[in-house]
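# An overview of the molecular structure
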Amino acid sequence: MEKLDTPAYVINEKILAADMCLLRQIADQAGCRLLYSPKASSLAPVLTRVAEHVDGFACSSLFELRLVDKLCSVHGSLHLVSPLIDDAALDEFGDRLNSVTFNSLSQWQDLRPHVSASTSAGLRLNPELSFVHDPRYDPCRSNSKLGVPVSRLAEMIAADRGLLRGIDGLHFHSNCESTDFASLLATARHIQDVIPEALEEISWINLGGGYLFQSVEQSAAFFDTVALFRDGFDLQVYIEPGAAAVRRSGTVVATVRDIFPGEDCQIAVLDTSVNHMPEVLEFQFEPDVLGHVDDGVHTYSLAGCTCLAGDSFGQYAFDAPLTIGSQVTFMNMGAYSASKAHRFNGVALPTIYTRDETGSLEKIWADDFNEFARNAGKVGSPDIAPA
Ligand SMILES: Cc1ncc(COP(=O)(O)O)c(C=O)c1O
């Protein structure tokens, strides 16, 4: 068993490079610009390595902008897109911000004076075509807060031909971890049908994230989507994937700390928690675990170490029994784990490691009590150091 402090986030640089190369290849072949959404993972080693492959970053906040700017010596263009744009971000980044996408016409009107002359302004659309079944993750749900409904935009443009004056681009993001680019193409065609005149007026369109790219061969409908906007309307097309870039390259490694009988299987308590992988609880899914076999004879409920009854990953089966000290590895945890993690119950955040192309591990960061105390509002205060 490999020696590492658990719980741990391990970033596999070989997988990250392979997935970034695939995204680069697909973007180049399609003729679109590739941005990365740091909301999926803003861990320092991820940002610096992703920066080598992208044309820029699509940040959601002032903190993300600052982090990319500070950590990545070469980061390409900087873009800001959020349901609520903060004027402080516009003021601080000024000319260095390549684009800002407003979520509503009211935000655009309010913040227009803060947009620098060389920053391109965009507007987020709600295409009103749903593909995500769970409304919690469907940007096109009814009464959605995300973007201007495309049908309403069409009516407003009909009433006021100058409505989009000053807006250079449109943006939509309407799916979640989908591998079906037919829905992206259907969305593009729908937008084309409803607001063709708006597409004639702008110079760029951003297709957002929400898709997992598997191979060039499986991306035909993606290429058609980019061509629809690029060739049909002469638009610069952007994509801003998050999960597609980082999901596969991140694992969470935990250690079994206690085992006792449950009703129909053993309970194995780990030194991690769903709070280190919050989407497990949010999405109610069972993450992939290395070594799990459907017909394994040794079955366990893998439980997190906090007081929440639902802090549990689900039932897993293995060929060999787990013992106290066994390591358990959660696969495909690179997206939305570290960026959503928290220290509920005072459980430390996982230690961050990178695994390089040769397989060797490097410890990058370890949580400690001072970080926990800083979050409690006691910045650098020696009076709360452990006795
Ligand atoms: C506007 C926008 N762009 C990009 C992304 C990244 O999406 P994903 O990680 O699914 O590719 C998101 C995710 O919520 C988003 O809201």
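Everything quoted here is computed from the prediction, not taken from an experiment.

### Describing the domain arrangement of the protein chain
For the protein chain, the assigned domains read domain 1 (31-246) and domain 2 (250-333 + 341-375). Relative placement of domain 1 and domain 2: their C-alpha centres are 34 Å apart. Summed over both sides, the interface between domain 1 and domain 2 buries roughly 530 Å², with carbon and sulfur atoms accounting for 64% of that surface. On inspection of domain 1 and its partner domain 2, the count reaches two residue pairs in polar contact (both at pLDDT 80 or more).

### Some remarks on helix α3 (residues 62-71)
All of the buried residues in α3 are L62, E64, L65 and V68. Taken around the axis of α3, the buried residues stretch over an arc of 165 degrees, which confines them to a single face. Exposed residues pointing more than 90 degrees away from the buried face of α3 are listed as F63 and K70. Residues of α3 that are buried make contact with α2 (44-50), β3 (56-59), β4 (77-81) and α4 (87-93).

### Some words on the pairing of strand β14 (residues 312-318)
Counting buried residues along β14, five of its seven residues qualify, which places the element largely inside the surrounding structure. By the bridge criterion, six bridges tie strand β13 (residues 298-303) to β14 in an arrangement that is antiparallel. By the bridge assignment for β14, A303 is matched with S312.

### Points about the site of the ligand
Every residue near the ligand is listed here: S37, K39, R124, H171, H173, G209, G210, E240, P241, G242, A243 and Y336. E240 is positioned such that a nitrogen or oxygen atom in its side chain is 2.6 Å from a nitrogen atom of the ligand. Take Y336: an N or O atom from its side chain is 2.5 Å from an oxygen atom of the ligand. Of the residues in the shell around the ligand, the class split is three nonpolar, six polar and three charged.

### Details of the packing of helix α7 (residues 181-194) against helix α9 (residues 220-233)
The interhelical angle for the contact between α7 and α9, taken along N-to-C directions, is 20 degrees, at an axis separation of 7 Å. By the angle class used here, α7 and α9 are roughly parallel. For the pair α7 and α9, the crossing hand works out as left-handed. Two secondary-structure elements touch here, α7 through F181, A182, L184, L185, A188, R189 and Q192 and α9 through A221, F222, D224, T225, L228, F229 and F233. Counted by class, the contact of α7 with α9 contains 10 nonpolar, two polar and two charged residues.

### Here's the deal with the packing of helix α1 (residues 13-30) against α9
Interaxial distance between α1 and α9 falls to 9 Å at its minimum, and their mutual angle equals 40 degrees. As the angle between them shows, α1 and α9 are arranged oblique. Helix-helix and strand crossings are classified by hand; for α1 and α9 the assignment is right-handed. Contacts between α1 and α9 involve I26, Q29 and A30 on the former and, on the latter, F222, F223, V226 and R230. In terms of residue class, the contact of α1 with α9 is made up of five nonpolar, one polar and one charged.

### Looking at the environment of L290
Inspection of the secondary structure puts L290 in the loop between α11 (279-283) and β13. Through-space distance from the C-alpha of L290 to that of V328 is 7.1 Å; in sequence the pair is 38 residues apart. Excluding its chain neighbours within four sequence positions, the residues that come into contact with L290 are F318, T329 and M331.

### Some remarks on the pairing of strand β12 (residues 266-270)
Here β12 lies mainly inside the structure; four of its five residues are buried. In the sheet, strand β11 (residues 250-261) pairs with β12 via five bridges, with the strands oriented antiparallel. Residue pairing across strands places P261 opposite Q266, the latter belonging to β12. Connecting β11 to the next strand, β12, in antiparallel fashion are four residues.

Thresholds applied
Residues numbered from 1 in each chain as written. Predicted model: local features only at pLDDT ≥ 70, side-chain atom pairs only at ≥ 80, totals over all residues. Heavy atoms only, no water. Domains from an automatic or database assignment. Buried area = accessible area lost by both parts, 1.4 Å probe. Polar contact = N/O pair within 3.5 Å; in protein donor to acceptor, adjacent residues only side chain to side chain. Buried < 20%, exposed > 50% of the residue type's maximum accessible area, 1.4 Å probe, protein only. Helix = DSSP H or I, 4+ residues; strand = E, 2+ residues; numbered from the N terminus. Arc of directions from axis to C-beta. Contact = heavy atoms within 4.5 Å. Pairing = 2+ DSSP bridges. Near = heavy atom within 4 Å. Nonpolar A, V, L, I, M, F, W, Y, C, P; charged D, E, K, R; others polar. Axes fitted to C-alpha atoms, helices over the stretch in contact; angles between N-to-C directions. Parallel < 35°, antiparallel > 145°, perpendicular 65-115°, else oblique. Left-handed = near helix turned anticlockwise from the far one by under 90°.

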